[in-house]
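One letter stands for each residue in the lines below.
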Amino acid sequence: MGDQIAKGEEFLNKAEKKINSWALFSSKYEDAAELYENSANSFKIAKAWDRAAAVYIKLAGCHLKLDSRHDAASAYVASANAYKKNVSKRGDIMLGAGTDLFQSEEVNTAANQCKLKVAEFAAQQEQYPKAIGIYEDMARQSLNNKLLNYNVKGYLLNAGLCQLRKDDIVALTNALEKYQDLDPTFTGTRECKLLTDLAAATDEEDVGKFTDAVKEYESMTRLDAWKTTILSRANEALKEKELRGHDLT
């Protein structure tokens, strides 16, 4: 195991040097990505899960620089899985000692960040059910945590936008009811109103109403690039439906 850790450190050092070199942009990130992957694999063999997880994050960064989002998403998934194994390992040790299960806040936070990145990339690649599952899980986890419950409405909004893109109004309506049952305070939020208005506009195939709902929300809260992308896709799909409806008449 010690040899694998040494190999992991060696590959990691080479990758860091490559990143800081004066080589061509694409070349150095491609070379560094290969070295980071070798490093992470070595740490995995040694069951040094925390080290492997950290290196996978670096690997994802290289893939993003190369605009390879699929590979970046895979690296984030690998990082999250490594963090989960590390948490499980720590839990087994603590339980074996007869104490309460302890989960490092730092590890948990990093794992959650990875999950959110996976959800973001999944939605961008139109893998909406996967993204919905992650956002809903994150909302449930955050509800009873005083430090995190302010994020719940954002997670539910993201999940709802992904539901919208599935083009199933019944599913979206059911999801909205479920989200309000999950968090009764969600009902009075701008996020809930936006999703309700978008659902109505989509059901009525009314592009103008859809656009007005987005504008009303953005007059108070600026939309980030991810939400803008998802909403633009939904808007374009709605325009196509509206045009087909006009053609039929």
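Nothing here was measured: the structure is a model prediction, and the numbers come from that model.

Reading the values: the criteria
Residue positions are given per chain, counting from 1 as you read along its sequence in written order. Local features in this predicted model are restricted to residues of pLDDT 70 or higher, and side-chain atom pairs are both shown and tallied only at a pLDDT of 80 or more, whereas totals for entire chains, interfaces and linings draw on every residue. Excluded from the side-chain calculations are hydrogens and water; all other atoms, namely the structure's heavy atoms, are used. The term salt bridge refers to a side-chain nitrogen of Lys or Arg lying within 4 Å of a carboxyl oxygen of Asp or Glu. Each helix is a run of H or I in the DSSP string that is no shorter than four residues. Each strand is a run of E no shorter than two, and both are numbered from the N terminus. Only protein chains enter the accessibility calculation, which uses a 1.4 Å probe; a residue whose area is less than 20% of its type maximum is buried, one above 50% is exposed, and one in between is partly exposed. Helix span, expected: 1.5 Å multiplied by one less than the number of residues in the helix. Every axis corresponds to a line fitted to the C-alpha atoms, with the helix fit spanning only the stretch in contact, and the corresponding angles, defined between N-to-C directions, vary from 0 to 180 degrees. Our angle categories are set so that under 35 degrees counts as roughly parallel, over 145 as roughly antiparallel, 65 to 115 as roughly perpendicular, and the remainder as oblique. Working rule for handedness: look at the near helix, and if it is turned counterclockwise from the far one by less than a right angle, call the crossing left-handed; if clockwise, right-handed. Pairs of residues are marked as contacts when any of their non-hydrogen atoms sit within 4.5 Å. Gly is placed with the polar residues, together with every amino acid not listed as nonpolar (Ala, Val, Leu, Ile, Met, Phe, Trp, Tyr, Cys and Pro) or charged (Asp, Glu, Lys and Arg).

Topic: the pattern of salt bridges
So, step 1. Considering all chains together, one arrives at twelve salt bridges under this definition.
So, step 2. A salt bridge links glutamate 10 to lysine 14; its shortest N-O distance comes to 3.5 Å. Here the residue glutamate 10 and the residue lysine 14 both occupy positions in helix 1 (residues 2–19), the gap between them amounting to four residues, near one helical turn.
So, step 3. For glutamate 10, a relative accessible area of 44% gives the class partly exposed.
So, step 4. With a closest N to O distance of 3.1 Å, glutamate 204 and lysine 209 form a salt bridge.
So, step 5. You can call lysine 209 partly exposed: its relative accessible area is 34%.

Here we look at helix 7 (residues 152–165)
So, step 1. Between its first and last C-alpha atoms helix 7 spans 20 Å; for 14 residues at 1.5 Å apiece the expected length is 20 Å, and the two agree.
So, step 2. Most of helix 7 is tucked away: twelve of the 14 residues are buried.
So, step 3. Val152, Tyr155, Leu156, Leu157, Asn158, Ala159, Gly160, Leu161, Cys162, Gln163, Leu164 and Arg165 are the residues of helix 7 that are buried.
So, step 4. The first or second residue beyond helix 7 is aspartate 167, which carries a positive phi of 60°.

Digging into unusual backbone geometry
So, step 1. Backbone geometry at lysine 47 places phi at a positive 60°, although glycine is not the residue there.
So, step 2. Within the secondary structure layout, lysine 47 lies in the loop between helix 2 (25–45) and helix 3 (49–65).
So, step 3. Even without a glycine there, the phi angle at glutamate 126 is positive, about 65°.
So, step 4. Along the chain, glutamate 126 turns up in the loop between helix 5 (105–124) and helix 6 (128–143).

Re the packing of helix 7 against helix 8 (residues 169–182)
So, step 1. Running from amino to carboxyl end, helix 7 crosses helix 8 at an angle of 165°, the nearest separation of the two axes being 9 Å. Classified by the interaxial angle, the pair formed by helix 7 and helix 8 is roughly antiparallel. At the point where helix 7 passes helix 8, the crossing takes the right-handed sense. In this structure, helix 7 contributes Leu156, Ala159, Gly160, Gln163 and Leu164 to the contact, and helix 8 contributes Ala171, Leu172, Ala175, Tyr179 and Leu182.
So, step 2. Grouping the amino acids of the contact of helix 7 with helix 8 by side-chain chemistry returns eight nonpolar, two polar and no charged.

From the geometry alone we can't say anything about function, so treat these as descriptive.
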